[in-house]
Amino acid sequence: QVQLVESGGGLVQPGGSLRLSCTTSGFISDYFAIGWFRQAPGKEREGVACTSTSDTSTWYTVSVRGRFTISRDSAKNTVYLQMNNLKPEDTAVYYCGATTAQAMCVIRFYDDWGQGTQVTVSS
């Protein structure tokens, strides 16, 4: 069973930045895609940013486009989410997920999950 571990969350002021990391115990190439999802209190988990493991294809939810960037370092078995110009509505628990299905950022196809890291954006 492959493990995914998130880190990098914390408290930041609006307009600030954070970088989240997702480290896997196995090979990134074993998955079709790896993504970042978030869940705010009282809301369903939603896709934020996802990346193919085999090419440069990426997907971002509309609300974070131009502010967030997903990247990966295969040698470190790590996927990153650089979050800039953070807004209060970005507050959520952020989860790293991985899928072997050919679906970039469709949550129901994601098989493995980390335990999440809290991101709080507040003045």
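Residues numbered from 1 in each chain as written. Predicted model: local features only at pLDDT ≥ 70, side-chain atom pairs only at ≥ 80, totals over all residues. Heavy atoms only, no water.

A. Focus on the sheet that holds strand β7 (residues 68-73). Taken together, the 4 strands give an open sheet; going across it, the order is β1-β3-β8-β7, and neighbouring strands pair in antiparallel fashion. Edge positions in the open sheet fall to β1 (4-7) and β7, since each of these has one partner strand only. Recorded for the sheet is a direction-independent mean angle of 15° between the axes of neighbouring strands. (Pairing = 2+ DSSP bridges. Helix = DSSP H or I, 4+ residues; strand = E, 2+ residues; numbered from the N terminus. Axes fitted to C-alpha atoms, helices over the stretch in contact; angles between N-to-C directions.)

B. Focus on the state of the cysteines. Within the structure shown, the criterion is met by 2 disulfides. One disulfide bridge connects Cys50 with Cys105, the sulfur atoms lying 1.9 Å from each other. Across the S-S bond linking Cys50 and Cys105, the dihedral sits near 60°, which makes this disulfide right-handed. Placement of the pair is Cys50 in strand β5 (residues 46-52) and Cys105 in the loop between β9 (92-99) and β10 (112-113), with a sequence separation of 55 residues. For the pair Cys50 and Cys105, a shared accessibility class is recorded, and that class is buried. For the protein, numbering the cysteines in disulfides from first to last along the sequence yields the connectivity 1-3, 2-4. (Disulfide = S-S within 2.5 Å. Buried < 20%, exposed > 50% of the residue type's maximum accessible area, 1.4 Å probe, protein only.)

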